[in-house]
There are 4 protein chains.
Amino acid sequence: MKKKKAANPRRRPIQRRSRQTVDAIVEAAARVLARHGYAAATTNRIAERAGVSIGSLYEYFPNKDSILAALLERHTEQGGAEVLAALEAEIARGAELPALLRALVLALLRQHRRSPELHRVLFEEMPHPPGADACVLRSEDAIAHRLQAALEADSACRAADPDLAAHLVVQTAEALAHRFVLHGIHGLPEARFADELARLLLRYLGGDRSAEAPARR
Amino acid sequence: MKKKKAANPRRRPIQRRSRQTVDAIVEAAARVLARHGYAAATTNRIAERAGVSIGSLYEYFPNKDSILAALLERHTEQGGAEVLAALEAEIARGAELPALLRALVLALLRQHRRSPELHRVLFEEMPHPPGADACVLRSEDAIAHRLQAALEADSACRAADPDLAAHLVVQTAEALAHRFVLHGIHGLPEARFADELARLLLRYLGGDRSAEAPARR
Amino acid sequence: MKKKKAANPRRRPIQRRSRQTVDAIVEAAARVLARHGYAAATTNRIAERAGVSIGSLYEYFPNKDSILAALLERHTEQGGAEVLAALEAEIARGAELPALLRALVLALLRQHRRSPELHRVLFEEMPHPPGADACVLRSEDAIAHRLQAALEADSACRAADPDLAAHLVVQTAEALAHRFVLHGIHGLPEARFADELARLLLRYLGGDRSAEAPARR
Amino acid sequence: MKKKKAANPRRRPIQRRSRQTVDAIVEAAARVLARHGYAAATTNRIAERAGVSIGSLYEYFPNKDSILAALLERHTEQGGAEVLAALEAEIARGAELPALLRALVLALLRQHRRSPELHRVLFEEMPHPPGADACVLRSEDAIAHRLQAALEADSACRAADPDLAAHLVVQTAEALAHRFVLHGIHGLPEARFADELARLLLRYLGGDRSAEAPARR
DNA sequence: AATGAATGAGAGTTCATTCAT
DNA sequence: AATGAATGAACTCTCATTCAT
């Protein structure tokens, strides 16, 4: 019988050696998943690719799931940080809502484009045990939180509930970017898709001048 | 690695008896997945729950994956058909864009609510081998296609490319409904979420009078 | 139908430990086959008799067939080596054709007598997948090759084509010894059978003085 | 647990219908074995090829082994009868020992050549449960018996024990013909092989004039 | 007599995990 | 700390055989 232990690394990787080993394992898992798919990602194969014995692997991770969880977390956090940074940069340069949303959309597309195979395996092929998606939610929350602040500061935004609006925006952008990168929409070029998605978000938030133009007549 | 055989039932379930057995197996798979999760869904357990011998199970399905694929397909097609029907009904009664989008959102939420555990396992816990998601795309395409026609017939719609707009709307509604049912957004009640999502879609498509009202003053 | 993997041990048994394990498995297979027949030779039973876990068994052999193939090869090579040695010994002591052929026949009988049950299962009960018999052919070729050299050096031999003659002699001796050990000929004692078989071979090769005697009269 | 029943047909096929069905099944088994090998010869496949339901198959044969045993018996008896007939014909025309032995060798080669694939599967790939070879022994005995009578009547034969000699001759001829058809000897043409094998047998039995020729000088 | 859907014991094999070295 | 041979529970799937129709 298998005991399901908490999916946390066994030891805090404080020392450099440990940190390197943990990284090597997670990195190896990423490579194996991306190149050969979930079914081929056995612990022995991951250890081999990491240049580490299977025994050492289990020194750093209590079980297989914890490795995949760590990878998912790393992947999500890296991606989230990039998007957050892109957002921050745009805000810093005093961008208005339209530019902000475009930046969000482009950053998400870029992130998904980075290693689409890994992304696909991670989010479509790989089983997500209950709770595995917490880090995804956390990452989105962080982005939504930053966006909310921006919305509150932007007079063009007509959202009654900026928190809710920010969440909807982030989730929509994330979900649609994900789908577009993996499956496309007919033959639509990415640039046009980005435009359209940004337009959708902008209209929702109300900074859409062109939409109001007819009414001004 | 094992040769993946075509994921088609061995025997065309033309006769009533066969059809019943196939249904029983798929239904059993659904119950096992929903109640015990992906890891517990062994072929022997599914057969047992279906009240069928393991040999019979393999009389109707060439391998395990084909059972899960059939379940995914059934689930997706049923859901898609319901949403399509809801849309159709709304259109038939001459509903305008706002009511149409509300109906779409509510139908999707209803569908995801029906058996959220099965839904979660099917879409988050269960590995989706490459190609398994084709039926999901097909279902969304069908809904998008119907919606597109409605958009083209609706003078309030300002979408330049109704095909693209319809796809974005359906994908957004589907993705957010999915996420909301599984993870929620803070403690937001479903009714309010539905309102907000419908509002988002409506503003995108341009049938949003209230948004333009202030500008008229 | 299943993909047949190469019937080679996974791990080259270079280290002493590995070599021992491989031997233990092959030896266990021999015991199980001899004692309980082909039908009882399951991988689990072989592993158990070898005092090895089923997992370890598959560490050293890629599949069941490869174990049986290894056993067949070991059996054939051992037997062939013995016969070859007997032949060599006889040649070394300067034996003439009659003694040589007797030695060949006796060595083959001895070899088949050693574990007749294993021999029977290996060559009659066990399915031989195409190609499995290559090692048998190789072994016979080696013996025939040695015999050929002896024939060419023996002035009593009247064989026009020593290569062909050597092959016929070896195949005849092998086949008849095999049959005699497994099924006997009426109640014929082995000693008389050996005499007669040796006589048959001798007459073929022409070293048979007694046969020519009457004609001289 | 499987009960091993006696490998005899359940019912005496007296009626024409039954006889036809039995034949169809055995014939189907032959085709499946020859074309697809032992591993593919499942009872269901045999029944299908025979144009008979699996239920009917078990009406006529108590188990799978009995079908294969029946096929082996049919094959062996047919072959034996042909060889016997060839021998008889040669004797009837008053042939001498050399011609008789040539006829025996050629008949055996012809028989093995008829469906070498079936022959190979039947005698090398297929497991022969203990006792399955009784019919082969019987068939050879019959041929040996006829040959013995011929030897006793032939003044050229110098065999001291004609019964034993006949058995050795038949077994040698059979075994070597078998081996030659299945594996060949280097690139040797069949005609030369037949010559050499006949010469071997002839020298054994002593009707070899050419061998004695040198002595006459 | 004939059918063929149903059966289920048991086969081969995998792979996450352990632990003696 | 590190190793990797060893483990064995548990999996998917096959196929000879049965029996209700």
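Only a predicted model underlies this, so the values are computations on that prediction, with no experimental measurement involved. (Residues numbered from 1 in each chain as written. Chains lettered and ligands numbered in written order. Predicted model: local features only at pLDDT ≥ 70, side-chain atom pairs only at ≥ 80, totals over all residues. Heavy atoms only, no water.)

**Here we look at the interface of chain D and chain C**
Facing 37 residues of chain D, the contacting portion of chain C comprises 37 residues. Buried surface at the junction of chain D and chain C, both sides included, amounts to about 3,800 Å², of which 61% is carbon and sulfur. Counting every contact that joins chain D to chain C gives four salt bridges. In this structure, Arg-179 of chain C and Glu-140 of chain D form a salt bridge, with 2.8 Å as the shortest nitrogen-oxygen distance. Linking chain D with chain C are eleven residue pairs in polar contact (both at pLDDT 80 or more). At the level of elements, helix 6 (116–125), helix 7 (134–153), helix 8 (162–183), helix 9 (190–205) and helix 10 (209–216) of chain D are the ones that each hand at least two residues to the side of chain D that touches chain C. The element contributing the most residues to the side of chain D that touches chain C is helix 8 of chain D, with ten residues. Considered class by class, the residues forming the side of chain D that touches chain C number 16 nonpolar, six polar and 15 charged. (Contact = heavy atoms within 4.5 Å. Buried area = accessible area lost by both parts, 1.4 Å probe. Salt bridge = Lys/Arg side-chain N within 4 Å of Asp/Glu carboxyl O. Polar contact = N/O pair within 3.5 Å; in protein donor to acceptor, adjacent residues only side chain to side chain. Helix = DSSP H or I, 4+ residues; strand = E, 2+ residues; numbered from the N terminus. Nonpolar A, V, L, I, M, F, W, Y, C, P; charged D, E, K, R; others polar.)

**Examining the pattern of salt bridges**
Residue and element names in this part refer to chain C. In total, this model carries 51 salt bridges over all chains according to the counting rule given. A salt bridge links Glu-82 to Arg-114, with the nearest nitrogen and oxygen atoms 1.9 Å apart. Taken together, the residues Glu-82 in helix 4 (residues 64–92) and Arg-114 in helix 5 (residues 97–114) connect sequence positions 32 residues apart. The class of Arg-114 is exposed, set by a relative accessible area of 55%. We note a salt bridge from Arg-199 to Glu-196, for which the minimum N-O separation is 2.4 Å. Of the two residues, Arg-199 and Glu-196 are both situated in helix 9 (residues 190–205); the distance of three residues between them amounts to about one turn of the helix. The class for Arg-199 is partly exposed, based on a relative accessible area of 35%. (Buried < 20%, exposed > 50% of the residue type's maximum accessible area, 1.4 Å probe, protein only.)

**Digging into the relation of the copies chain B and chain A**
Superposing the two chain copies requires a rotation about an axis and a translation along that axis. Between chain B and chain A, which share one sequence, the superposing operator has a rotation angle of 179 degrees and an axial displacement of 0.1 Å; the RMSD is 0.2 Å. The symmetry that links the two subunits is that of a two-fold axis. Proximity to the rotation axis, assessed at the C-alpha, singles out Pro-127 of chain B in chain B; its C-alpha lies 2.4 Å from the axis. Here 92% of the contact residues of chain B are again contact residues in chain A; the copies associate through an equivalent surface. (Least-squares fit on C-alpha atoms with pLDDT ≥ 70 in both.)

**Section: the relation of the copies chain D and chain C**
The operation relating chain D to chain C is a screw motion whose rotation component is 179 degrees, with 0.2 Å of axial translation and a residual RMSD of 0.2 Å. An overlap of 95% is found between the interface residues of chain D and their copies at the interface of chain C, pointing to a shared contact surface.

**Topic: the interface of chain B and chain A**
The partner chain A presents 38 residues to the 39 residues of chain B that form the contact. Of the roughly 3,800 Å² buried where chain B meets chain A, counting both sides, 60% is carbon and sulfur surface. Its largest share of buried area at the contact with chain A, chain B owes to Arg-179, Arg-203 and Tyr-204 of chain B, together 15% of the area lost on that side. Summed over the shared surface of chain B and chain A, the number is four salt bridges. Arg-192 of chain A serves as the salt-bridge partner of Asp-161 of chain B, at 3.7 Å between the closest nitrogen and oxygen. Counting across the chain B and chain A interface gives eleven residue pairs in polar contact (both at pLDDT 80 or more). Of all the secondary-structure elements, those providing two or more residues to the side of chain B that touches chain A are helix 6 (116–125), helix 7 (134–153), helix 8 (162–183), helix 9 (190–205) and helix 10 (209–216) of chain B. Among the elements that take part in the side of chain B that touches chain A, helix 8 of chain B stands out by supplying ten residues, more than any other.

**With respect to the packing of helix 6 (residues 116–125) of chain C against helix 8 (residues 162–183) of chain C**
Residues and elements named next belong to chain C. Axis separation between helix 6 and helix 8 bottoms out at 10 Å; the angle between their running directions is 115 degrees. Two packed elements cross with a definite hand, and for helix 6 against helix 8 that hand is left-handed. Here helix 6 contributes Pro-116, His-119, Arg-120, Phe-123 and Glu-124 to the contact with helix 8, which in turn contributes His-178, Val-181, Leu-182 and His-183. For the contact of helix 6 with helix 8, the residue count by class is four nonpolar, three polar and two charged. (Axes fitted to C-alpha atoms, helices over the stretch in contact; angles between N-to-C directions. Left-handed = near helix turned anticlockwise from the far one by under 90°.)

**Some thoughts on the domain arrangement of chain A**
Residue and element names in this part refer to chain A. Segmenting chain A into domains produces domain 1 (16–64) and domain 2 (71–205). A C-alpha centroid distance of 29 Å is found between domain 1 and domain 2. Every contact between the two is made by nine residues of domain 1 and, on the other side, nine residues of domain 2. Contact between domain 1 and domain 2 buries roughly 760 Å² in total, counting both sides, with carbon and sulfur atoms accounting for 73%. Counting the surface domain 1 buries against domain 2, the share from its top three residues, Val-26, Leu-33 and Tyr-38, is 58%. Counting the contacts that link domain 1 with domain 2 gives one salt bridge. Glu-27 serves as the salt-bridge partner of Arg-74, at 3.0 Å between the closest nitrogen and oxygen. (Domains from an automatic or database assignment.)

**Quick word on the side chain of Asp-154 of chain D**
Among the secondary structure elements, Asp-154 of chain D is positioned in the loop between helix 7 and helix 8. In this structure, Asp-154 of chain D is in contact with Glu-96 and Leu-97 of chain D, ignoring residues within four places of it in sequence.

**Focus on helix 6 of chain D**
Within helix 6 of chain D, seven of the ten residues are buried, leaving the element largely enclosed by the surrounding structure. What helix 6 of chain D keeps buried is the set Leu-118, His-119, Arg-120, Val-121, Leu-122, Glu-124 and Glu-125 of chain D.

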